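Chain by chain, the residues:
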Amino acid sequence: MEDDSVKQGGGGGCLKLVGALLVIVLAIGAGFWFLGNTIKQQFQGPTPETVAQASLQGLREQNRLSAFAAKFVAVVTSKQSQLGFTAQKTMIMPGSVRYEVDLSKLRQEDVVWDAAAKRLTVTLPQVEPTDPAVDLNNIRQYDNGGILLSVTDVGGKLDEANRKAGQVELLKQAQSGPYMRMARDATRKAVESSFVMPLKAAGIDASVQVIFPDEANRPTERWDESRRPEDVLSNSR
């Protein structure tokens, strides 16, 4: 009976020793896993969301983006009659117009990451033409040489009317469909580059699509908006 007791006691000690060793092995394994996971997170590249946030912040700081400009020529004529006479002046007014986007209006929800398609979609504010910059040195004027121009101040009034009409005509030309499309395309390419280059530099394989509010097929999936851009950026460093 004593021998049996001794044998049973020795077996229980072995079991305890094995259990202790198993706990130690598991603890060491968990430690290595935690260390490996920490190192992986430390050296893992930035996420598309982080890169997009940084690019968005950079665009906002530019305030206004002008990626396209065009030159136009307005030809306008004004007439005025007094005392049975008619005075007429024609003005040829060249000018240029820049097309701008107010980047300060960009919101976080205007930048959408589609993880499944690996596509970043940016919705920009509308492109707006600026007031025409008139080339004063190249304005040309022609008149009919009427008597009213010689003996009255009609000439100055006609010049003023032509200047106002010329500004309106220049802006009208700038707002025409073909020039607005070219301005959109130029702006689209400029903003695409602002996002594509940082993504490529970070080793992220993704496409960038830039659209405007009136363009359809806007995606609905958005990144986590619960964190401020500065928080996301600080964690990526």
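All of these numbers come straight from a predicted model, not from anything done at the bench.

Conventions used here
Residues numbered from 1 in each chain as written. Predicted model: local features only at pLDDT ≥ 70, side-chain atom pairs only at ≥ 80, totals over all residues. Heavy atoms only, no water. Phe/Tyr/Trp six-rings, centres within 6.5 Å; stacked < 30°, edge-to-face > 60°. Helix = DSSP H or I, 4+ residues; strand = E, 2+ residues; numbered from the N terminus. Buried < 20%, exposed > 50% of the residue type's maximum accessible area, 1.4 Å probe, protein only. Pairing = 2+ DSSP bridges. Expected span 1.5 Å × (residues − 1). Arc of directions from axis to C-beta. Contact = heavy atoms within 4.5 Å. Patch = residues over 30% accessible without salt bridge, like charges linked within 9 Å, V, L, I, M, F, W, Y side chains within 5 Å. Areas by Shrake-Rupley, 256 points an atom, 1.4 Å probe, with all protein chains shown as cover. Salt bridge = Lys/Arg side-chain N within 4 Å of Asp/Glu carboxyl O.

The next subject is the packing of aromatic side chains. The description of two aromatic rings rests on the distance between their centres and on the angle between their planes. Going through the model one piece at a time under the given rule, you end up with 2 aromatic pairs. Their ring planes at 45 degrees and their centres at 5.4 Å tell us that F68 and Y99 sit as a pair that is tilted. Of this pair, F68 sits in strand β1 (residues 64–82) while Y99 sits in strand β2 (residues 85–102), placing them 31 residues apart in sequence. Relative accessible area serves as the criterion here: at 0%, Y99 is assigned to the buried category. Taking 4.7 Å as the distance between ring centres and 70 degrees as the angle between the ring planes, the aromatic pair formed by F72 and Y179 counts as edge-to-face. Of the two residues, F72 is situated in strand β1 and Y179 in helix α5 (residues 177–201); the sequence distance between them amounts to 107 residues. Owing to a relative accessible area of 4%, F72 belongs among the buried residues under this scheme.

For strand β4 (residues 119–123), a buried count of 4 out of 5 residues is recorded, marking the element as mostly surrounded by other parts of the structure. Sheet topology places β4 next to strand β8 (residues 207–211); 5 bridges connect them, and they run parallel. Looking at the pairing, L120 lines up with V208 of β8.

Another point: helix α4 (residues 154–174). The terminal C-alpha atoms of α4, which comprises 21 residues, lie 30 Å apart, in line with the 30 Å expected from a rise of 1.5 Å per residue. Taken together, the buried positions of α4 are V154, G155, L158, D159, N162, G166, L170 and A174. Down the axis of α4, the smallest arc covering the buried residues is 150 degrees, so these residues share one side. Opposite the packed face of α4, turned more than 90 degrees from it, sit the exposed residues K164, V168 and K172.

A few words now on the side chain of T130. Considering the arrangement of structural elements, one finds T130 in the loop between β5 (128–129) and β6 (133–134). Not counting residues within four places of it along the chain, the set of residues in contact with T130 comprises V97, R98, E100 and L171.

Before going further, it helps to spend a moment on a nonpolar patch on the surface. Where nonpolar side chains cluster on the molecular surface, the patch consists of L83, F85, I147 and V151 and spans about 450 Å² of accessible area. Tracing the sequence through the fold places I147 in helix α3 (residues 147–151). With a relative accessible area of 45%, I147 lands in the partly exposed category.

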